[in-house]
Structure formats: C-alpha cells, structure tokens
Amino acid sequence: LAQLGSCVLALPLLDRFGRRTLLLVAIGGMFCACASLVVYFATAPANLGVWPLLSCFAYVSAYSVGLGSLPWLMLAELFPQDVRAAGASLSIAACYVFSFG
C-alpha cells in the first residue's frame, strides 16, 4: 500500500521538482529512516512499539518515490531511438536476473 501510493505520488512531484531533486530527497529520506531505526534499536527499548514500523514505512515510501520508480522512467532516455527497445529489454532483464536470480 505504501509503495503503490508513493509511486503514484512520484509522478506529479517529478514534474514539479525535477529528477535530481526528487532523487536527492528520496535518498535523504531513506537515510533518515535507516538512521532512526538504528538509533531506536541502539537505545534497546523494552518494548518495540510502533517506531520500527513507521521507519520501515518511511524507507519504503522514500525508495518508491525516488530510486524505485525514477530509473524506470529514465530508461527510455538512455538509449538512441534505433536501439531503444532492445536496450530497454536487456536492461530490464538484467535487473530481474540480478534481483531474483
């Protein structure tokens, strides 16, 4: 649910702020979510509470807005017109092979 909502949110944000800004903000959000999770577990609380869940939610949302969706949108711009279909197909196949391989 978080990932779907964040991907839908990424498109209007991309038009408004641009790719570079959106990627930098997403990377910063991912860093902050991971850092807050580290700080939370470093303090060794007695009960887990809701903070780890919120940190994971924030990480997934930031990833989906930036690094999860923008490279797929920029893929068509990386290849010349005559080899765009083959290049995109090979890139997507390589991504899935290395991710789930």
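Please read all numbers here as calculations on a predicted model, not as lab measurements.

The rules we used
- Residues numbered from 1 in each chain as written.
- Predicted model: local features only at pLDDT ≥ 70, side-chain atom pairs only at ≥ 80, totals over all residues.
- Heavy atoms only, no water.
- Helix = DSSP H or I, 4+ residues; strand = E, 2+ residues; numbered from the N terminus.
- Buried < 20%, exposed > 50% of the residue type's maximum accessible area, 1.4 Å probe, protein only.
- Polar contact = N/O pair within 3.5 Å; in protein donor to acceptor, adjacent residues only side chain to side chain.
- Contact = heavy atoms within 4.5 Å.
- Phe/Tyr/Trp six-rings, centres within 6.5 Å; stacked < 30°, edge-to-face > 60°.
- Salt bridge = Lys/Arg side-chain N within 4 Å of Asp/Glu carboxyl O.

**Points about the side chain of Ser 69**
Move 1: Relative to the helices and strands, Ser 69 is located in the loop between helix H3 (51-65) and helix H4 (70-78).
Move 2: The class of Ser 69 is buried, set by a relative accessible area of 12%.
Move 3: Separated by 2.9 Å, the side chain of Ser 69 and the backbone oxygen of Ser 64 make a polar contact.
Move 4: Filtering out sequence-adjacent residues up to four positions away, Ser 69 remains in contact with Cys 7, Ala 10, Tyr 63 and Ser 64.

**Describing the packing of aromatic side chains**
Move 1: Here the structure, examined in full by the defined rule, presents three aromatic pairs.
Move 2: With centroids separated by 5.9 Å and ring planes inclined at 15°, the aromatic side chains of Tyr 96 and Phe 100 adopt a geometry described as stacked. Separated by four residues within a single helix, Tyr 96 and Phe 100 lie in helix H5 (residues 84-100), roughly one turn from each other.
Move 3: Among the residues examined, Phe 100 registers a relative accessible area of 67% and is labelled exposed.
Move 4: Taken together, the ring pairs connect Trp 72, Tyr 96 and Phe 100 into an aromatic cluster.

**A word on the environment of Leu 73**
Move 1: Along the chain, the position of Leu 73 falls in helix H4.
Move 2: Along the sequence, Leu 73 and Leu 11 sit 62 residues apart, while their C-alpha atoms lie 9.6 Å from each other.
Move 3: In this structure Leu 73 touches Leu 11 and Leu 14, once residues within four positions along its chain are discounted.

**Some words on the pattern of salt bridges**
Pairing is possible between side chains that carry opposite charge, provided their charged atoms lie close to one another.
Move 1: Tallying each qualifying case throughout the model produces one salt bridge.
Move 2: The residue Glu 77 makes a salt bridge to Arg 19 at a minimum N-O spacing of 2.7 Å. In this pair, Glu 77 is assigned in helix H4 and Arg 19 in helix H2 (residues 19-42), connecting sequence segments 58 residues apart.
Move 3: Assessed through its relative accessible area of 37%, Arg 19 is described here as partly exposed.

**So, the side chain of Ser 55**
Move 1: Mapped onto the elements, Ser 55 comes out in helix H3.
Move 2: The contact partners of Ser 55, leaving out residues within four places of it in the chain, are Ala 33, Ser 36 and Leu 37.

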